[in-house]
Protein chains: 2
Amino acid sequence: MFRLDSQLAADGRLIASLEASEWLLMNDSRFVWLAQVPRFQDARLMVHLPLELRRTVREESDLVVEILRSAFNPDHINVAQIGNMVSQLHIHHVARFTDDALWPKPIWGQTPPVPYREAEYRDRLAVLRNYF
Amino acid sequence: MFRLDSQLAADGRLIASLEASEWLLMNDSRFVWLAQVPRFQDARLMVHLPLELRRTVREESDLVVEILRSAFNPDHINVAQIGNMVSQLHIHHVARFTDDALWPKPIWGQTPPVPYREAEYRDRLAVLRNYF
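Residues numbered from 1 in each chain as written. Chains lettered and ligands numbered in written order. Predicted model: local features only at pLDDT ≥ 70, side-chain atom pairs only at ≥ 80, totals over all residues. Heavy atoms only, no water.

Engineer: Is there a simple way to think about the interface of chain B and chain A in this case?
Structural biologist: You'll often see interface size given as the accessible area lost when the parts meet. Every contact between the two is made by 30 residues of chain B and, on the other side, 30 residues of chain A. For the pairing of chain B and chain A, the buried interface totals around 2,600 Å² over both sides, and the portion due to carbon and sulfur atoms is 51%. Joining chain B to chain A, the criterion identifies four salt bridges. The salt bridge partner of R58(B) is D62(A), with a shortest N-O separation of 2.8 Å. Joining chain B to chain A, the criterion identifies 24 residue pairs in polar contact (both at pLDDT 80 or more). Residues belonging to the side of chain B that touches chain A are distributed by class as follows: 13 nonpolar, eight polar and nine charged. As paired elements, strand β4 (residues 76-81) of chain A and strand β4 (residues 76-81) of chain B share three bridges and run antiparallel to each other. Its bridge partner being in β4(B), A80(A) is matched across the sheet by A80(B). (Contact = heavy atoms within 4.5 Å. Buried area = accessible area lost by both parts, 1.4 Å probe. Salt bridge = Lys/Arg side-chain N within 4 Å of Asp/Glu carboxyl O. Polar contact = N/O pair within 3.5 Å; in protein donor to acceptor, adjacent residues only side chain to side chain. Nonpolar A, V, L, I, M, F, W, Y, C, P; charged D, E, K, R; others polar. Pairing = 2+ DSSP bridges. Helix = DSSP H or I, 4+ residues; strand = E, 2+ residues; numbered from the N terminus.)

The structure is reproduced here in structure tokens:
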């Protein structure tokens, strides 16, 4: 039984469920910031996933990196498993621009998020869902 | 032809060369902080690597996560591709402890590194090389 961590659920909204993972758009309007959450209970690290699932999770990650490149043409993409605050395994995917609010710093552990306005959040979710 | 980025070479020392990557111990005595550098010129993202190499790079990453668990018994491990400052693809692997200097923050973009004393650096490299 997989249950999405309540903090992740509070911090983002579902874009789509792919074969191996839930994909969330995190509520910080400064960035196109996605979290991939493999549907496997009690994993904190990739090595906790069965090999076959691990492979699919990574294929999905690569696919979504290509989606971010196509949809937003960013200068760079950060892909990170941090999970110090939320222990359920999740992999951040963040499209970065050299003129974004925190460049060249990583976005985590810095200033607080700037939530989307509702219409803006829905628009970005719609754009992303088109690609998923 | 692969050449290790000069900034990475200045910030760490070689632990070992595995099949697909150079593995460096970064010069910050506060953390067991390794950087994996795939031997492929001109990649900034994992998706820039040929599929076969990408797979081997990820297998090595999983192997080294297991090494970090065995050798240091950390509370958690951060695995991250950031690369905003150094564009050559490199994947950070950091053993984290709930009483370390920056927990629960990520270690990047925070306070400056605290370099090892020479003997301490050599000792830790020797410990790691034993596992590689």
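Engineer: Even after reading the chapter, I still don't get the relation of the copies chain B and chain A, so can you show me in this structure?
Structural biologist: Applying a rotation about an axis and a shift along it to one chain copy brings it onto the other copy. Once turned by 180 degrees and shifted 0.0 Å along the axis, chain B lies on chain A with an RMSD of 0.0 Å. Each copy turns onto its partner about a two-fold axis. Of the C-alpha atoms belonging to chain B, the one lying closest to the rotation axis is found on A80(B), 2.0 Å away. Comparing interface residues between copies, 100% of those in chain B also lie at the interface in chain A; the contact surface is shared. (Least-squares fit on C-alpha atoms with pLDDT ≥ 70 in both.)

Engineer: Explanation requested: helix α3 (residues 118-131) of chain B in the structure shown.
Structural biologist: Think of an α-helix as 3.6 residues a turn; residues three or four steps apart then line up on the same face. Residues and elements named next belong to chain B. In this model α3 runs 21 Å from its N-terminal to its C-terminal C-alpha over 14 residues, within 8% of the 20 Å that 1.5 Å per residue would give. Along α3, the residues that are buried comprise Y121, L125 and L128. Buried residues in α3, looked at end-on, bunch into an arc of 65 degrees, giving them a common side. What points out from α3, more than 90 degrees from its buried face, is the exposed set R122, D123 and N130. (Expected span 1.5 Å × (residues − 1). Buried < 20%, exposed > 50% of the residue type's maximum accessible area, 1.4 Å probe, protein only. Arc of directions from axis to C-beta.)

Engineer: Whenever I open this one, the packing of helix α2 (residues 51-72) of chain A against helix α2 (residues 51-72) of chain B confuses me. Can you help?
Structural biologist: Two packed helices can be described by the angle between their axes and the distance between those axes. In contact at an axis separation of 12 Å, α2(A) and α2(B) are set at 125 degrees when each is read in the N-to-C sense. Relative to α2(B), α2(A) is oriented oblique. The two elements α2(A) and α2(B) cross, and the hand of that crossing is right-handed. Together, R54(A), R58(A) and D62(A) of α2(A) and R54(B), R58(B) and D62(B) of α2(B) make up the contact between the two elements. (Axes fitted to C-alpha atoms, helices over the stretch in contact; angles between N-to-C directions. Parallel < 35°, antiparallel > 145°, perpendicular 65-115°, else oblique. Left-handed = near helix turned anticlockwise from the far one by under 90°.)

Engineer: Please clarify how the pattern of salt bridges should be interpreted in this entry.
Structural biologist: Taken as a whole and judged by the stated rule, the model has 20 salt bridges over all chains. Between R54(A) and D62(B) there is a salt bridge whose closest N-O contact spans 2.8 Å. One end of the pair, R54(A), is in helix α2; the other, D62(B), is in helix α2, on a second chain. Among the residues examined, D62(B) registers a relative accessible area of 9% and is labelled buried.

Engineer: Sorry, what's going on with the sheet that holds strand β1 (residues 12-17) of chain B here?
Structural biologist: Remark on secondary structure: sheet strands pair via backbone hydrogen bonds, oriented parallel or antiparallel. Read from one edge to the other, the open sheet built from ten strands follows the order β1(A)-β2(A)-β3(A)-β5(A)-β4(A)-β4(B)-β5(B)-β3(B)-β2(B)-β1(B), with strand pairing classed as antiparallel. Edge strands, defined here as strands with exactly one partner in the open sheet, are β1 (12-17) of chain A together with β1 of chain B. Going from strand to strand, the sheet's axes swing by 25 degrees on average, the running direction of each strand aside. Packed on one face of the sheet, α2(A) meets β2 (21-26), β3 (32-38), β4 and β5 (91-96) of chain A and runs near 165 degrees to β3(A).

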